[in-house]
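Geometric and topological summary
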Amino acid sequence: MALIDIIADKKYGRELSPQQLEAFAQAAKDPGTPDYQLAALLMAIRLNGMTARETADLTLAMARTGDMLSPDVGGIPVDKHSTGGVGDTTTLILAPLVAACGGKVVKMSGRGLGHTGGTIDKLESIAGFQTELPEEDFLRIAREVGCCVVGQTGELAPADKRLYALRDVTSTVDSIPLIASSVMSKKLAGGAQGIVLDVKLGSGALMKTKEDCLVLARAMCDIGRRAGREMAALITSMDEPLGSHVGNALEVKEAIDTLAGRVQGPLLTVSLALGAQMLMAGGQAGTEEEAQALLMDALHSGRGLAKFKEMIEAQGGDGQVCDDTGCLPQAPLKTRVLASRSGFVHSMKTEQLGMAAQVLGAGRLRKEDQLDYAAGYILFKRIGDAVKEGEPLAVLHHSGKAPAGKAAAMLEDAIAITDVQPPKPTLIHALIARDGKETSWN
């Protein structure tokens, strides 16, 4: 089946057959296929869209270009995926909490690139922690401990890996069918039977409107259900960082502090909401109320933190960090960012806040860039909070080699202070439940 004929069909807005989409996925896997042909088809899809059936067929075809795992973990394997944000450390909180409630979390995560942080980078700030494991060890830890978090392997959905790189340089990243098929091809290949999606909305998210978020969430849930998976999705706010700590070791510290019951707030709220959906998908709870009660018991009893320590040690890491967060990498320098005026925090440019952490060394511009695991900052204010002139807005953690002055200026510019106090932003905007029912909050 000639790729040029498939390009022509989509160029004219025709619906592609399962066989054509299978050929497209295999062509993407084949290194001999010219980039320009793949790029042409990506642009045709971006301009003319795809039906729900096409999107699902493309997803399955991409998943089948590599390994398809069937995890035997002693229960229903569940997973969570976030579309990316700043200060989003939910995986490190909900994975051990869900495991402490009897769930089986099989989590394949990515590295940070651009303004968003990566779960794998955060975990690698823990001394000795191994994110690359043989499949048998990954499944053994998930079975014995109840949760295991590793990096995505090159054997999973290799077609997606190539298409993702091409989308990044051909202005086709913002295609909902391509986003949905990219995310779900890896999730289906990873073998999770219950998948919970966290679709971010706001200034630090890929999707800037609630309707776009819902369209994407519906598309991904539809794909998963067509493949026989339990699906649920939350639309959550990224109009400000989810947690107060931004940076790899700093976010691990905040996750530990949260599991230890020392801090509360939006990060914990979203973690519990996502974790509840995972427990229901895994069969540990029948209702959201029951699931929330189980998670709160695991949190208050300390079993969640103990489970996180168990997972760290099972993956070769220093579990002592759960008892003493001072064992995590520490920045030699700290610089305060002060408010230039009094008033109220009105809004935040969250993407710029993520880039400020990158400037400090917490993120990378290129995949080969080396990270400073201790770098980042702690925010002291959230939207709606009162602030006085000269009061600290944040404290930067850095080595002295990074341009802290530039990062400080970015933070100050990103945090708008006005005379009028705004309402606190909505944290959870919508839920698409496992039965497909949608609930929306303004």
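Described in the following lines is the structure provided in the data block.

So, how was this worked out
- Residues numbered from 1 in each chain as written.
- Predicted model: local features only at pLDDT ≥ 70, side-chain atom pairs only at ≥ 80, totals over all residues.
- Heavy atoms only, no water.
- Helix = DSSP H or I, 4+ residues; strand = E, 2+ residues; numbered from the N terminus.
- Rg over C-alpha atoms; globule rule 2.2 N^0.38 Å.
- Buried < 20%, exposed > 50% of the residue type's maximum accessible area, 1.4 Å probe, protein only.
- Contact = heavy atoms within 4.5 Å.
- Areas by Shrake-Rupley, 256 points an atom, 1.4 Å probe, with all protein chains shown as cover.
- Lys, Arg positive; Asp, Glu negative; His and termini not counted.
- Charge placed at Lys NZ, Arg CZ, Asp CG, Glu CD.
- Pairing = 2+ DSSP bridges.
- Axes fitted to C-alpha atoms, helices over the stretch in contact; angles between N-to-C directions.
- Core = buried A, V, L, I, M, F, W, Y, C linked by side-chain atoms within 4.5 Å.
- 1 Å grid on protein atoms, 1.4 Å probe; cavity = no way out; pocket = protein on both sides within 12 Å on 5 of 7 lines; lining within 4 Å.
- Points joined across faces, edges and corners; volume = space filled by probe spheres on them.
- Nonpolar A, V, L, I, M, F, W, Y, C, P; charged D, E, K, R; others polar.
- Right-handed = clockwise from strand over helix to strand, strands pointing away.
- Parallel < 35°, antiparallel > 145°, perpendicular 65-115°, else oblique.
- Patch = residues over 30% accessible without salt bridge, like charges linked within 9 Å, V, L, I, M, F, W, Y side chains within 5 Å.
- Salt bridge = Lys/Arg side-chain N within 4 Å of Asp/Glu carboxyl O.
- Left-handed = near helix turned anticlockwise from the far one by under 90°.

It is worth spelling out the overall build of the protein chain at this point. Scanning the protein chain for helices and strands turns up 16 helices and 14 strands. Its C-alpha atoms give the protein chain a radius of gyration of 22 Å, within 12% of the compact-globule value 22 Å for 442 residues. For the C-alpha atoms alone, the extent of the protein chain along its principal axes is close to 65 × 45 × 40 Å. Split into buried and exposed, the 442 residues of the protein chain put 56% on the buried side. Counting only contacts in the protein chain whose residues sit at least 6 apart along the sequence, the fraction spanning at least 24 positions is 77%. Surface summary for the protein chain: the accessible area is close to 17,400 Å², and the carbon and sulfur share equals 52%. In the protein chain, the 46 positive side-chain charges and the 54 negative ones have mean positions that sit 2 Å from each other.

If you trace the backbone, His397 turns up in strand 11 (residues 392-398). Using a relative accessible area of 10% as the deciding quantity, one classes His397 as buried. When neighbours within four sequence positions are excluded, His397 is seen to be in contact with Leu250, Ala331, Leu333, Lys334, Leu360, Ala374, Ala375, Gly376, Tyr377 and Ile378.

Here Ser182 lies in helix 9 (residues 176-190). Those residues in contact with Ser182 that sit more than four places away from it in its chain are Met62, Asp160, Tyr164 and Arg167.

For the rest of this paragraph, the subject is the sheet that holds strand 7 (residues 333-338). Pairing between sheet strands relies on hydrogen bonds along the backbone, with the strands arranged either parallel or antiparallel. Ordered in space as 6-9-11-7, the four strands form an open sheet in which the pairing is antiparallel. Either end of the sheet is taken by a strand with one partner, and the two such strands are strand 6 (245-246) and strand 7. Note that strand 7 and strand 11 share six bridges and pair antiparallel. Within strand 11, the position partnered with Leu333 by the bridge is His398. Helix-sheet contacts for helix 16 (residues 404-414) involve strand 7, strand 9 (376-379) and strand 11, and the interaxial angle to strand 11 is about 150°.

To continue, consider the nonpolar core. Met184, Leu197, Phe308, Tyr377, Leu396 and Leu411 are the most contacted members of the largest nonpolar core, which has 118 residues in total. Among the elements that take part in this core, helix 12 (residues 266-282) stands out by supplying 11 residues, more than any other. Those residues in contact with Leu396 that lie beyond four places of it in its chain are Leu333, Lys334, Thr335, Val337, Leu360, Gly376, Tyr377, Ala404, Ala407, Ala408 and Leu411.

Put simply, the second largest pocket is a space of about 180 Å³. Among the residues making up the lining of the second largest pocket, the classes are represented as seven nonpolar, six polar and four charged.

Another point: the sheet that holds strand 2 (residues 104-109). Spatially, the seven strands line up as an open sheet ordered 3-2-1-4-5-13-14, and their pairing is mixed. If you trace the sheet from one side to the other, it starts and ends with strand 3 (147-151) and strand 14 (438-440), each paired once. Sheet twist, expressed as the average angle between the axes of neighbouring strands with direction ignored, equals 15°. Bridge analysis of strand 1 (residues 77-82) against strand 4 (residues 194-201) gives five bridges, and the strand direction is parallel. Residue pairing for strand 4: His81 is matched across the bridge by Leu197. Across the face of the sheet, helix 12 comes into contact with strand 1, strand 2, strand 4, strand 5 (230-237) and strand 13 (428-432) while running at roughly 155° to strand 4.

A word on helix 5 (residues 90-100). By the criterion of burial, helix 5 is predominantly enclosed, with 11 of the 11 residues buried. Here helix 5 has its buried residues at Thr90, Thr91, Leu92, Ile93, Leu94, Ala95, Pro96, Leu97, Val98, Ala99 and Ala100. Trailing helix 5 by a residue or two, Gly102 shows a phi angle of about 100°, which is positive.

A few words on the pairing of strand 5. Most of strand 5 is tucked away: seven of the eight residues are buried. Direction of pairing for strand 4 relative to strand 5: parallel, over a ladder of eight bridges. For Leu197, the partnering residue across the bridge sits in strand 5 and is Ala233. In this fold, strand 4 hands off to helix 10 (residues 210-226), which returns the chain to strand 5; that crossover is right-handed.

Relative orientation and spacing of two packed helices are given, respectively, by the angle between their axes and the distance between those axes. Axis separation between helix 2 (residues 18-29) and helix 8 (residues 158-169) bottoms out at 8 Å; the angle between their running directions is 75°. When the axes of helix 2 and helix 8 are compared, the pair comes out roughly perpendicular. Facing Phe24, Ala25, Ala27, Ala28 and Lys29 of helix 2, the residues of helix 8 in contact are Pro158, Ala159, Arg162 and Leu163. Residue composition of the contact of helix 2 with helix 8, grouped by class: seven nonpolar, no polar and two charged.

A grouping of Asp67, Glu135, Glu136 and Glu155 is seen on the molecular surface, where their side chains present a negatively charged patch. Mapped onto the secondary structure, Glu135 falls in helix 7 (residues 135-144).

Helix 9 packs onto helix 4 (residues 52-63) with a crossing angle of 45° between their chain directions and a minimal axis gap of 8 Å. Classed by the angle they form, the pair helix 4 and helix 9 counts as oblique. Crossing geometry of helix 4 relative to helix 9 is assigned as right-handed. Contact with helix 4, carried on its side by Thr55, Leu58, Thr59, Leu60, Met62 and Ala63, involves Pro177, Leu178, Ala180, Ser181, Ser182, Met184, Ser185, Leu188 and Ala189 of helix 9 and no other residues of that element.

Summed over the entire model, instances satisfying the criterion amount to two cavities of 30 Å³ or more. Taken as a whole, the largest cavity encloses approximately 70 Å³ of empty space. As for the largest cavity, its lining consists of Asp79, Val106, Met108, Phe138, Gln152, Lys186, Lys187, Gly190, Gly191 and Ala192. Put simply, the parts of the chain that give the lining of the largest cavity at least two residues each are strand 2 and helix 9. Here the lining of the largest cavity takes three residues from helix 9, the largest share from any one element. Split into classes, the residues belonging to the lining of the largest cavity amount to four nonpolar, three polar and three charged. Space inside the second largest cavity adds up to approximately 30 Å³. Every residue along the wall of the second largest cavity is listed here: Leu58, Met62, Asp160, Leu163, Arg167, Leu178, Ser181 and Ser182.

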